[in-house]
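Fold and contact review
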Amino acid sequence: MIDQIKGLHHVTSMASDARANNRFFTDTLGLRRVKTTVNFDAPDVYHLYYGDEVGTPGSVMTYFPFPNIGQGRPGTGEVGTTVFSVPHGSLGYWERRLGELKVGGLSREARFGSDALRFEGPDKDGFALVEDAADGRAPWTGGGVGPDEAIRGFHSASLRLRDGGATEELLKFMGYEVVDRAGALTRLSIDKGNGAHVIDIETVPGARPADLGAGSVHHIAFAVENRAKQLEVRKALLDTGYHVTPVIDRDYFWAIYFRTPGGVLFEIATNEPGFDRDEDTAHLGQALKLPAQHAHLRPYLEKHLQPLEG
Ligand code: ZN
C-alpha cells in the first residue's frame, strides 16, 4: 500500500457545447472558471476548468467541449456520478435553486445514511450534492452562491463497474480503505485526505459497457503533493503490473495515466504548480491560455473557438 495519494484532484468530462457548459458550472452551480485553455492533445477544442477560487485540487471539474459530439451512453467502466460537497442544511436551498433553473434529473436519494440531491448537467452528466458538516474547505462565493450554501469541492466520485473486486483492491493499494458497504455499493475513503477523499464502487453485473460521449466522464484524477511523490506512485504501479504513461506536463500539474481493471481511466496529478502559475488570482480563467507548443495557433483559435460569454 502506498500513502502519497490525498483524494481527488480533478474530474474531466466531455461536453457538446462550450457556452452552455460554462453557463451551467459558473451561473447555475456558482463555481469559478479558473482556467480557459485548450485540449493539449486536440488544440482546436477547449479545456475548461471550474473550481474554487484558485482551483484547489479536489475542487476542479474540467471539460472538453467537442462541438457536434454524440451523446454518451451510461454503462459500466466509467464514473457514474460525480458528487460535490455542500454545507450542512443547504440541500433545500439547492433543490429550490436547481428546480427554478430547470435543471434536469432532480431527485433525492439516501446513500450511506445521508441524503443526496441528484441532478444532471447540460449533457445529462450524472451529478449529486451531499451535505458534509465536517468539510472545512473555503468555497468560492464570487459566483452568486453565498457562503452558507456554496460548493466546497468534490465529496466523492462513484465508479460504476460490472465487477468491483479488482478495482477495490487497486484503491486499497492506492491508500483507500473500505468504510461501508450497502447492497451493491462499497464506500472507500482515504485517511488524512484533501476533503475529496471518498470513492464509491457501484457494482452492476449485467449492465453494458458505457459509450464515451457528451456527458461522460473521460477520466478521474487523484492528487499527490509533488513530482517526487508522483514518481513514487508511478514506480509502485509499474511494479504491480499496471501500464502507466510517462509523466506528461499539463502546464498546471504533471500527469500520469493508467487504465483500471474495471475500465476506468485513472490519472495521478500533482498539486504543483497550480492554476495561478500564468495568471494572477484576481483574473484566473479570464484569458485564453495556450501551452507553448500551441502558442502559434492563437490567431486561428481566437477566431474559431466559440465565445464562452454572452
Ligand atoms: Zn486530467
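Below is a summary of the structure that appears in this document.

The next thing to look at is the overall build of the protein. Looking only at helices and strands, one finds five helices and 16 strands in the protein. Compactness check: the protein gives a C-alpha radius of gyration of 18 Å against a globular reference of 19 Å for 310 residues, within 12% of the reference. With the C-alpha coordinates of the protein rotated into their principal frame, the extents come out at 50 × 45 × 35 Å. Looking at the protein as a whole, 52% of its 310 residues qualify as buried.

Scanning the model with the defined rule gives 16 aromatic pairs in all. Relative to tyrosine 63, the ring of phenylalanine 25 has its centre 5.0 Å away and its plane inclined at 40°; by these criteria the two rings are tilted. A residue pair is termed long-range when its members are at least 10 positions apart, and phenylalanine 25 in helix H1 (residues 18-28) and tyrosine 63 in strand S4 (residues 60-65) qualify at 38 residues. Between phenylalanine 119 and phenylalanine 127, the ring centres sit 5.6 Å apart and the planes meet at 25°, which makes this aromatic pair stacked. Members of the aromatic cluster, each reached through a chain of ring pairs, are Phe24, Phe25, Tyr50, Tyr63, Phe84, Phe119, Phe127 and Phe154. Over the aromatic face of tryptophan 140 sits the side chain of arginine 32, whose NZ or CZ is 4.6 Å from the ring centroid. Between the NZ or CZ atom of arginine 227 and the centre of the ring of tryptophan 254, over which it lies, the distance is 4.2 Å.

All right, on to the coordination of the zinc ion then. In the first shell of the zinc ion, the protein supplies His10 (NE2), His219 (NE2) and Glu267 (OE), at 1.9 to 2.0 Å from the metal. One chain supplies every donor for the zinc ion, spaced along it as H-x208-H-x47-E. Residue histidine 10 is located in strand S1 (residues 8-15), and its partner glutamate 267 is located in strand S16 (residues 265-273); the two are separated by 257 residues in the primary sequence. Its relative accessible area of 1% is what places histidine 10 among the buried residues.

Reading across the sheet, the eight strands line up as S2-S3-S4-S1-S13-S16-S15-S14 and stay open at both edges, with mixed pairing between neighbours. Two strands in the sheet have a free side with no partner beyond their single neighbour: strand S2 (32-39) and strand S14 (248-249). Both S1 and S4 contribute to a ladder of six bridges, which runs parallel. Looking at the pairing, threonine 12 lines up with threonine 62 of S4. Packed on one face of the sheet, H1 meets S1, S2, strand S3 (42-51) and S4 and runs near 10° to S3.

Definitions and limits used
Residues numbered from 1 in each chain as written. Predicted model: local features only at pLDDT ≥ 70, side-chain atom pairs only at ≥ 80, totals over all residues. Heavy atoms only, no water. Helix = DSSP H or I, 4+ residues; strand = E, 2+ residues; numbered from the N terminus. Rg over C-alpha atoms; globule rule 2.2 N^0.38 Å. Buried < 20%, exposed > 50% of the residue type's maximum accessible area, 1.4 Å probe, protein only. Phe/Tyr/Trp six-rings, centres within 6.5 Å; stacked < 30°, edge-to-face > 60°. Lys NZ or Arg CZ within 6 Å of the ring centre and 35° of its normal. Donors = N, O, S within 2.8 Å, 3.2 Å for Na, K, Ca; no water. Pairing = 2+ DSSP bridges. Contact = heavy atoms within 4.5 Å. Axes fitted to C-alpha atoms, helices over the stretch in contact; angles between N-to-C directions.

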